[in-house]
Amino acid sequence: MKALVLAGGSGTRLRPFSYSMPKQLIPIANTPVLVHVLNTVRDLGVTEVGVIVGNRGPEIEAVLGDGARFGLRIVYIPQDAPRGLAHTVSIARGFLGDDDFVMYLGDNMLPDGVVGIAEDFTRQRPAAQVVVYKVADPRSFGVAELGPDGEVLRLVEKPHHPRSDMALIGVYFFTAAIHEAVAAIGPSARGELEITDAIQWLVSSGADVRARIYDGYWKDTGKVEDVLECNSHLLDGLSRRVDGLVDADSVLVGRVVVEAGATVVRSRIEGPAIIGAGTVLQDSHVGPHTSIGRDCTVTHSRLEGSIALDEASVTGVQGLRDSLIGRAASVATTGPGTGHHCLVVGDHTRVEVAA
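Thresholds applied
- Residues numbered from 1 in each chain as written.
- Predicted model: local features only at pLDDT ≥ 70, side-chain atom pairs only at ≥ 80, totals over all residues.
- Heavy atoms only, no water.
- Axes fitted to C-alpha atoms, helices over the stretch in contact; angles between N-to-C directions.
- Helix = DSSP H or I, 4+ residues; strand = E, 2+ residues; numbered from the N terminus.
- Parallel < 35°, antiparallel > 145°, perpendicular 65-115°, else oblique.
- Left-handed = near helix turned anticlockwise from the far one by under 90°.
- Contact = heavy atoms within 4.5 Å.
- Nonpolar A, V, L, I, M, F, W, Y, C, P; charged D, E, K, R; others polar.
- Buried < 20%, exposed > 50% of the residue type's maximum accessible area, 1.4 Å probe, protein only.
- Pairing = 2+ DSSP bridges.
- Right-handed = clockwise from strand over helix to strand, strands pointing away.
- Arc of directions from axis to C-beta.

1. Topic: the packing of helix H7 (residues 177-184) against helix H8 (residues 195-204)
Move 1: Close contact between H7 and H8 brings their axes to 8 Å; oriented N to C, the two are set at 110 degrees. For the element pair H7 / H8, the angle class is roughly perpendicular. H7 and H8 meet at a crossing whose hand is right-handed. In this structure, H7 uses Ala 177, Ile 178, Glu 180, Ala 181, Val 182 and Ala 184 to contact H8, whose residues at the interface are Ile 195, Ala 198, Ile 199, Trp 201 and Leu 202.
Move 2: Along the lines of polarity and charge, the residues of the contact of H7 with H8 split into 10 nonpolar, no polar and one charged.

Pasting the structure below:
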């Protein structure tokens with residue numbers, strides 16, 4: 001089996017961050033989303049991965065390289081514009097050949113993995129197998145209507161009156177049958193080749209199309225609030241590790257990771273939290289569910305439930321909660337205040353707030 005990982009989206013919902021970095025490289029627990037995805041793919045026993053990239057391809061390639069450090073072999077496949085998920089299958093045909101493959105959206109997090117689902121696909125080998133998740137409001141999703149044995153009867157994109165609460169999420173398993181389906185469909189009303197149309201073509205043609213329900217944690221990291229929630233979830237799985245320097249006047253409580261090269265001085269950290277390599281934390285309080293990236297400085301500040309990306313600085317800010325601070329961004333105080341919620345600061349931006 002091969003893997004096709006889609007990392008060409010523009011990430012409009014993650015602006016201002018997606019102006020300066022691909023959305024798939026936003027860090028969750030100090031690791032880019034796309035690296036989490038590749039680790040999940042590797043757990044399936046897959047070693048050959050095609051990564052679909054758009055105009056941010058060089059930035060993604062700079063982070064992932066040839067895949068060797070993940071135990072993978074990565075081939076980069078450029079897509080000139082977002083033309084639909086089925087279009088990515090078409091342009092990847094030379095890489096995929098006639099092999100079975102898993103298609104994985106590069107901004108989706110399924111940290112509990114899909115090994116069991118992949119094993120079912122390999123054992124039963126339907127023409128296609130979709131992964132579905134029970135949602136409260138299916139109207140914003142592609143929805144699968146299922147038969148009693150998990151067979152897909154119909155797929156409907158964003159139905160006004162859903163007849164199922166099983167939403168398609170960002171993982172699909174295909175045999176080579178999908179290529180005929182992709183070649184047979186035309187663009188949708190929005191001008192894209194939809195993977196749901198291709199799968200529906202298989203269903204209508206009498207092919208065996210199956211669904212497997214994913215009951216682990218799933219998050220599409222397309223919005224800031226989703227990134228923060230996913231970060232909190234992953235941090236809950238931390239194991240305590242202190243490789244950096246923590247002075248005698250500092251206190252670490254619970255599951256705290258202080259990476260090698262980080263320095264903690266006269267500060268308190270309440271886990272789960274992670275402090276990246278090269279970061280200096282001084283006279284500060286870091287509360288639960290906080291990730292601080294590499295080479296940051298945090299001085300006389302209090303953070304909780306937040307993410308600070310690499311090289312960010314926070315100075316004199318008390319009560320910073322549920323916030324996302326961009327790369328090399330600076331947040332400092334101008335005077336007295338009562339705390340700050342949901343602050344979003346783009347890369348290389350300086351913001352002054354009340355203390």
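Continuing now.
2. Quick notes on the pairing of strand E4 (residues 48-53)
Move 1: Within E4, five of the six residues are buried, leaving the element largely enclosed by the surrounding structure.
Move 2: Both strand E1 (residues 2-7) and E4 contribute to a ladder of five bridges, which runs parallel. In the sheet register, Leu 6 faces E4, and the bridge partner there is Ile 52.
Move 3: Judged from the six bridges that link them, E4 and strand E5 (residues 73-78) form a sheet pairing that is parallel. Looking at E5, one finds that Ile 52 is bridged to Ile 77.
Move 4: Each parallel crossover has a hand, and for E4 linked through helix H3 (residues 57-64) to E5 it is right-handed.

3. Considering H3
Move 1: Along H3, the residues classified as buried are Gly 57, Ile 60 and Leu 64. In a view along the axis of H3, the buried residues occupy a sector of 65 degrees, so they form one face of it. Those residues of H3 that are exposed and aimed more than 90 degrees away from the buried face are Pro 58 and Ala 62.
Move 2: Of the surrounding elements, those touching the buried residues of H3 are E1, helix H2 (33-42), E4 and E5.
Move 3: At the exit of H3 stands Gly 65, carrying a positive phi of roughly 60 degrees.

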